[in-house]
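Here are the chains, one letter per residue:
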Amino acid sequence: MKKILIVASVWGFLAKFEAQDVGILQKLGYEVHYASNKYNPVYWFPTDIYKNMGVIFHNIDIYQSPFGIWHNLKAIRQIKNIIQNENISVVHCHTPSGGLVTRLACWRLPVYVIYTAHGFHFYIGAGRLHNLIYYYVEKLLSCITDILITINHEDYEVAKRMCKKNKVYLIPGVGLDREHFHETSLLQRESARAQLGVEHQFFLIGIGELRANKNPEVVIKALAYLKEKRMDIRSIKYGILGAGKQEKKLRKLAEKLDILENIVFFGYQSDVRPYLMAADALIFPAIREGLGMVALEALSMGVPVLAADNRGSREYMQHEKNGYVCKENTPKTYALCILKMFEEREQWSNNMKRRKEIRKSTEKFDASKTAVIMRGIYENAKD
């Protein structure tokens, strides 16, 4: 039996984003191993999730930031030992630090290396020095990579130039389950809003880990900007779904700006559908994003999105058709987008024809399309 090792820095990553790939691999006859740091969960699942998936889990000391040098040096040794002790023949790594640490561990080992870039750390709009450093790190690591998978066109075009000796693929994300994130009726929407107590409010939600790159701070400042301009924002409720280091900071900021009553911290939610069902819009202000599955999940349910203008959102956002693109990362820009959606909410939220059109914009991201490409990649690696 051929064995594959999947590596990511976040413990729940495999269960959250790679369940489809695990199923493909097992059908192809692979024994699937997963290495990650169980003390960095981010996405919460039962502790026996991997046992139930038929996956062999290995805990390693990988650190989510590439700058956790001592942790990651230890993780390199641990990954190398797993490959050698388990006779691993294929390695598939994810996340920036997972890709860095794993490929260094694979150097000079007889393994087939696949790396999925969920958004390179260098991107159009970042600082020149920042981009130079991360570009050349990726270019060097490409020498230890057999297959490089990208999830947006900007990264794909760069990867083709950077990795001329390797095969580069573009997939439509990890796969959107459009049956799971299905459109809902107005009756279901009303019921969901009643359960959350937002029947008479403009319910705006944000979903994701609470960290600087996800940028929830700009939404809080945007609401404060509207209040400063003497707009009555009592009917606006911003629901934040997610956990992370920034939660205390965000609470203090909202209190300081006197808009804490407009915000609800729901914490991490394993099932976001009831919240999307109730939402008037999803706001997605991430500064750097490879694609943005949460935005696609919202669109798939017919929920309009207020999105940052980044390489990920450019893959699916259609300005004024499935939401609004906020062109600048400023509180004023987001405030104007929120205000526009608020004023036109009846045209968006309760218009079933428009909700169907919003859902239609996600067709090319269906999980079945990703599955076809990934199966081909794994079959070739198995030969």
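Our structure's up above, just so we're on the same page.
Heads up: these notes are all about the structure in this document. (Residues numbered from 1 in each chain as written. Predicted model: local features only at pLDDT ≥ 70, side-chain atom pairs only at ≥ 80, totals over all residues. Heavy atoms only, no water.)

1. Section: the sheet that holds strand E12 (residues 305-308)
Then step 1. With parallel pairing, the 6 strands of this open sheet are ordered in space as E10-E9-E8-E11-E12-E13. Edge positions in the sheet fall to strand E10 (263-267) and strand E13 (323-326), since each of these pairs with one other strand and no more. Sheet twist, expressed as the mean angle between neighbouring strand axes with direction ignored, is 20 degrees.
Then step 2. Running over the sheet, helix H12 (residues 293-300) touches strand E8 (202-207), strand E11 (281-284) and E12 and is turned about 165 degrees from E11. (Pairing = 2+ DSSP bridges. Helix = DSSP H or I, 4+ residues; strand = E, 2+ residues; numbered from the N terminus. Axes fitted to C-alpha atoms, helices over the stretch in contact; angles between N-to-C directions. Contact = heavy atoms within 4.5 Å.)

2. Regarding the sheet that holds strand E3 (residues 56-59)
What links the strands of a sheet is backbone hydrogen bonding, and the strands pair in either a parallel or an antiparallel sense.
Then step 1. Strands sit in the order E3-E2-E1-E4-E5-E6-E7 across an open sheet of 7 strands; the sheet is parallel. Each edge of the sheet is formed by a strand with only one pairing partner; in this case those strands are E3 and strand E7 (167-170). Direction aside, neighbouring strands of the sheet carry axes that sit 20 degrees apart on average.
Then step 2. Along the sheet face, helix H2 (residues 19-27) touches strand E1 (3-7), strand E2 (31-36) and strand E4 (90-93) and points at about 145 degrees away from the line of E2.

3. Considerations on the pattern of salt bridges
Proximity of charged atoms lets side chains of opposite charge pair with each other.
Then step 1. By the definition in use, this model includes 22 salt bridges.
Then step 2. In this structure, the salt-bridge partner of aspartate 258 is lysine 227, at a minimum N-O distance of 3.2 Å. With aspartate 258 in the loop between helix H10 (247-256) and E10 and lysine 227 in helix H9 (residues 217-228), the pair connects residues that are 31 residues apart, well separated along the chain.
Then step 3. Look at aspartate 258 and you get exposed, because its relative accessible area is 52%.
Then step 4. Among the residues examined, lysine 227 registers a relative accessible area of 32% and is labelled partly exposed.
Then step 5. A salt bridge links lysine 340 to glutamate 344; the shortest N-O distance between them is 3.4 Å.
Then step 6. For lysine 340, a relative accessible area of 32% puts it in the partly exposed group.
Then step 7. A network of salt bridges, in which partner residues are shared, links Glu154, Asp309, Arg314 and Lys327. (Salt bridge = Lys/Arg side-chain N within 4 Å of Asp/Glu carboxyl O. Buried < 20%, exposed > 50% of the residue type's maximum accessible area, 1.4 Å probe, protein only.)

4. Here's the deal with the layout of surface pockets
Then step 1. Counted as a void, the second largest pocket has a volume near 510 Å³.
Then step 2. Contributing to the lining of the second largest pocket are 21 residues, with Lys16, Asp177, His180, Phe181 and Glu297 lying nearest its centre.
Then step 3. Sorting the residues of the lining of the second largest pocket by element identifies helix H1 (13-17), H2 and H12 as the ones contributing at least two each.
Then step 4. If one sorts the elements of the lining of the second largest pocket by residue count, H1 sits on top with 3 residues.
Then step 5. When its residues are assigned to classes, the lining of the second largest pocket shows 11 nonpolar, 4 polar and 6 charged. (1 Å grid on protein atoms, 1.4 Å probe; cavity = no way out; pocket = protein on both sides within 12 Å on 5 of 7 lines; lining within 4 Å. Points joined across faces, edges and corners; volume = space filled by probe spheres on them. Nonpolar A, V, L, I, M, F, W, Y, C, P; charged D, E, K, R; others polar.)

5. Quick look at a nonpolar patch on the surface
Then step 1. Nonpolar side chains collect at one region of the surface, where Ile69, Trp70 and Leu73 lie side by side and expose about 380 Å² of accessible area between them.
Then step 2. Its place among the elements puts leucine 73 in helix H4 (residues 69-85). (Patch = residues over 30% accessible without salt bridge, like charges linked within 9 Å, V, L, I, M, F, W, Y side chains within 5 Å. Areas by Shrake-Rupley, 256 points an atom, 1.4 Å probe, with all protein chains shown as cover.)

6. As for the pairing of E10
Then step 1. Burial of the side chains of E10 is restricted to one face: Ile263, Phe265 and Gly267 are buried, whereas none of Val264 and Phe266 on the reverse face is.
Then step 2. As judged from the 4 bridges shared by strand E9 (residues 236-241) and E10, these two strands associate in the parallel manner. Each residue of the ladder has a partner; that of tyrosine 238, found in E10, is isoleucine 263.
Then step 3. For the segment spanning E9, H10 and E10, crossover handedness is right-handed. (Right-handed = clockwise from strand over helix to strand, strands pointing away.)

7. Describing unusual backbone geometry
Then step 1. In this structure, valine 42 is a non-glycine residue whose phi angle is positive, near 60 degrees.
Then step 2. According to the relative accessible area criterion, valine 42 is buried, its value standing at 16%.
Then step 3. One non-glycine residue, threonine 95, adopts positive backbone phi at about 65 degrees.
Then step 4. Among the residues examined, threonine 95 registers a relative accessible area of 10% and is labelled buried.

8. Observations concerning helix H5 (residues 96-106)
Then step 1. Across the 11 residues of H5, 8 count as buried, placing the element largely inside the fold.
Then step 2. Every buried residue of H5 is listed here: Ser97, Gly98, Gly99, Val101, Thr102, Arg103, Ala105 and Cys106.
Then step 3. Check the buried side of H5 and you find it contacts E1, H4, E4, strand E5 (112-117) and helix H6 (128-141).
Then step 4. Looking one or two places after H5, you find arginine 108, whose phi comes out positive at around 70 degrees.

9. Remarks on the packing of aromatic side chains
Then step 1. In this structure the tally under the stated criterion is 15 aromatic pairs.
Then step 2. Between tyrosine 50 and phenylalanine 57, the aromatic rings sit 5.9 Å apart at their centres with planes inclined by 15 degrees, giving stacked as the arrangement.
Then step 3. Judged by its relative accessible area of 27%, phenylalanine 57 falls in the partly exposed class.
Then step 4. Judged by centre distance (5.4 Å) and plane angle (90 degrees), the rings of phenylalanine 202 and phenylalanine 342 are edge-to-face. One end of the pair, phenylalanine 202, is in strand E8; the other, phenylalanine 342, is in helix H13 (residues 331-343), and 140 residues separate them in sequence. Per residue, the accessibility class of phenylalanine 202 equals that of phenylalanine 342, and both read buried.
Then step 5. Here the aromatic cluster, defined as three or more aromatic residues joined through ring pairs, consists of Trp11, Tyr34, Tyr50 and Phe57. (Phe/Tyr/Trp six-rings, centres within 6.5 Å; stacked < 30°, edge-to-face > 60°.)

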